[in-house]
Amino acid sequence: MEIGVTLPAIFTDLDGTLLDAATYSFDPALPALAEAAVRGVPVVPCTTKTEAETRSWMDRLGLRGPFIFENGAGIALPVREFPDPRPGESPREAYRIVALAPEGARLQEGKVTIRTLAGGRVEFLGELSAPEVAARTGLPLDLAALARRRTFDEPFTCDGDLPADLPAAIAAIGLRLSRGGRFWHLHGPVDKGSAVRRLARELAGRLGPLTVVGAGDSALDRPLLEAADIAVAIPRPDGSFDEELCAGLPFLRRAHAPGPAGWNRAILDILRAG
Ligand SMILES: [Mg+2]
């Protein structure tokens with residue numbers, strides 16, 4: 001797709017991509033965020049974070065548009081921009097929520113399966129106290145509390161490798177396992193890519209043809225990059241790239257630096273090419 005004749009829309013992972021993997025700072029990305037705002041280019045977080053936690057980050061980042069949360073299980077649409085709810089959507093304050101994954105019961109079944117096969121080696125984020133989540137993630141306490149409120153996706157850690165028979169057992173109940181930067185994730189049959197395609201269609205309906213830009217740093221972002229016209233891989237803090245993210249992707253752009261500094265340069269290059 002020819003950039004310059006279409007508006008870019010930036011779909012971006014947060015942790016380790018727009019936010020620093022250790023400090024959660026996004027200061028180095030401020031120039032690109034400002035330039036996107038001036039050009040009317042949507043910046044759409046696409047994250048495994050919860051709806052509540054992502055909304056808090058939207059405020060910090062100065063973003064007011066839609067976002068994708070819990071690894072593509074839900075899309076939040078600002079009522080101001082998307083005023084007409086449709087079946088299956090629930091209004092929540094200034095956002096309407098589009099649910100793309102089943103809630104609750106099936107995830108509980110998946111957690112039981114994980115505990116049965118991995119036993120005491122497993123720790124679920126949603127079962128930790130807010131101070132424990134803060135200690136595991138480096139998040140401040142208020143955000144750690146929001147990170148525990150999950151609807152569609154259960155992050156967990158496993159001391160050592162996952163049991164070899166676990167992925168098949170999880171698939172047998174219609175769920176999936178994915179590896180993020182910090183946690184494993186148990187979730188429904190959704191990913192960031194399906195949510196990006198759905199939301200990009202909604203945005204194009206309002207803004208006209210879009211060039212979808214996808215940016216991410218871990219294997220969980222692979223579907224996001226596959227759904228994009230321009231894919232940007234952000235290196236890990238040690239400068240290496242997650243090959244599960246990058247392998248075989250045509251037209252992949254590799255950012256020059258980890259986190260928000262690499263994001264900033266890569267996004268500015270794309271915006272200024274237009
Ligand atoms: Mg990430």
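Per chain, the residues get numbers from 1 upward, laid out in the order the sequence is written. Note on the predicted model: pLDDT of at least 70 is required for a residue's local features to be given, and 80 or more for side-chain atom pairs to be given and counted; whole-chain, interface and lining totals, by contrast, use all residues.

Describing the domain arrangement of the protein chain
Going by this rule: An automatic or database domain assignment supplies the start and end points of every domain. Any two residues are considered in contact once their C-beta atoms, placed from the backbone, lie within 7 Å. Helix and strand labels come from DSSP, where a helix needs a run of H or I of at least four residues and a strand needs a run of E of at least two; each type is numbered from the N terminus. Classification convention: Asp, Glu, Lys, Arg as charged; Ala, Val, Leu, Ile, Met, Phe, Trp, Tyr, Cys, Pro as nonpolar; all other residues, Gly among them, as polar.
Here the protein chain is partitioned into domain 1 (7-100 + 202-272) and domain 2 (105-187). Relative to domain 2, the C-alpha centre of domain 1 lies at a distance of 23 Å. Contacts between the two partners involve 18 residues from domain 1 and, on the opposite side, 17 residues from domain 2. The biggest single contributor to the side of domain 1 that touches domain 2 is helix 2 (residues 51-61), with three residues. Grouping the amino acids of the side of domain 1 that touches domain 2 by side-chain chemistry returns six nonpolar, seven polar and five charged.

As for the pairing of strand 11 (residues 210-216)
This is how it is decided: Each residue is classified by how many other C-beta atoms fall within 10 Å of its C-beta atom, where C-beta atoms are placed from the backbone; a count of 20 or more means buried, 12 or fewer means exposed, and values in between mean partly exposed. When DSSP finds two or more bridges between two strands, those strands count as paired.
Burial within strand 11 is extensive, with six of its seven residues counted as buried. Pairing analysis gives six bridges linking strand 1 (residues 7-12) to strand 11, with the strands arranged parallel. Bridge assignment links Pro8 to a residue of strand 11, and that residue is Thr211.

Overview of the sheet that holds strand 11
Definition in use: Angles run from 0 to 180 degrees between N-to-C directions of axes, and those axes are lines fitted to C-alpha atoms, restricted for helices to the stretch in contact.
Strand order across the open sheet formed by five strands is 2-1-11-12-13, with parallel pairing between neighbours. Both outer strands of the open sheet, strand 2 (43-45) and strand 13 (252-254), are each paired with one neighbouring strand and no more. Strand-to-strand twist in this sheet, taken as the mean axis angle between neighbours without regard to direction, amounts to 25 degrees. Lying over the sheet, helix 7 (residues 192-207) contacts strand 1, strand 2 and strand 11, oriented at roughly 145 degrees with respect to strand 11.

Some words on the nonpolar core
To keep it simple, the criterion reads: We call a set of buried Ala, Val, Leu, Ile, Met, Phe, Trp, Tyr and Cys residues a nonpolar core when their C-beta atoms link them within 7 Å.
Ranked by size, the top nonpolar core spans 55 residues in total, and within it Ile10, Phe11, Val196 and Val213 carry the most contacts. Here the element with the most residues in this core is helix 7; it accounts for five residues. Those residues in contact with Val213 that lie beyond four places of it in its chain are Pro8, Ala9, Ile10, Phe11, Ala228, Ile230, Val232 and Ile270.

Examining helix 1 (residues 30-39)
Operational definition: In this description, the arc belongs to the directions extending from the helix axis to the C-beta atoms.
Every buried residue belonging to helix 1 is among Ala32, Leu33 and Ala36, and all of these are buried. Here the buried residues of helix 1 occupy an arc of 100 degrees about the axis, which is enough to place them on one side. Turned more than 90 degrees away from the buried face of helix 1, the exposed residues are Ala34 and Val38. Those residues of helix 1 that are buried lie in contact with strand 1, strand 2, helix 2 and helix 10 (259-272). Following helix 1 by one or two positions, Gly40 has its phi on the positive side, about 70 degrees.

Regarding the packing of helix 1 against helix 10
The test is simple: Small angles under 35 degrees read as roughly parallel and large ones over 145 as roughly antiparallel, with 65 to 115 read as roughly perpendicular and the rest as oblique. With the far helix as reference, a near helix turned anticlockwise by less than a right angle produces a left-handed crossing, and one turned clockwise produces a right-handed crossing.
Close contact between helix 1 and helix 10 brings their axes to 8 Å; oriented N to C, the two are set at 30 degrees. The pairing of helix 1 with helix 10 is recorded here as roughly parallel in orientation. Viewed along their axes, helix 1 and helix 10 form a crossing whose handedness is left-handed. Residues Pro31, Ala32, Glu35, Ala36 and Arg39 of helix 1 lie in contact with helix 10, whose contacting residues are Trp263, Asn264, Ile267, Leu268 and Leu271. Tallied by class, residues from the contact of helix 1 with helix 10 come to seven nonpolar, one polar and two charged.

Things to note about the confidence of the model for the protein chain
So the rule is basically this: Scored from 0 to 100, pLDDT reflects the predictor's confidence in each residue.
Of all residues in the protein chain, 95% attain a pLDDT of 70 or more, and the chain-wide mean is 91. Here strand 5 (residues 89-92) stands out as the element of the protein chain with the lowest mean pLDDT, 64, in contrast to strand 2, whose mean of 98 is the highest.

A closer look at the sheet that holds strand 8 (residues 153-158)
What the four strands build is an open sheet, ordered 7-8-10-9; its pairing is antiparallel. Each of the sheet's edge strands pairs with one partner strand only, and the pair in question is strand 7 (122-124) and strand 9 (176-179). Neighbouring strand axes in the sheet, compared pairwise and without regard to direction, differ in orientation by 30 degrees on average.

Let's talk about unusual backbone geometry
Note on backbone geometry: most residues besides glycine have negative phi, and most peptide bonds are trans. Within the chain, Tyr24 stands out as a residue other than glycine whose phi angle is a positive 65 degrees. On the secondary structure map, Tyr24 appears in the loop between strand 1 and helix 1. We classify Tyr24 as buried; it has 20 C-beta atoms within 10 Å. Phi at Phe251 is positive, roughly 60 degrees, even though this residue is not glycine. Looking at the element boundaries, Phe251 is found in the loop between helix 9 (243-246) and strand 13. Taking the C-beta count within 10 Å as the criterion, Phe251 has 9 such neighbours and is therefore assigned exposed.

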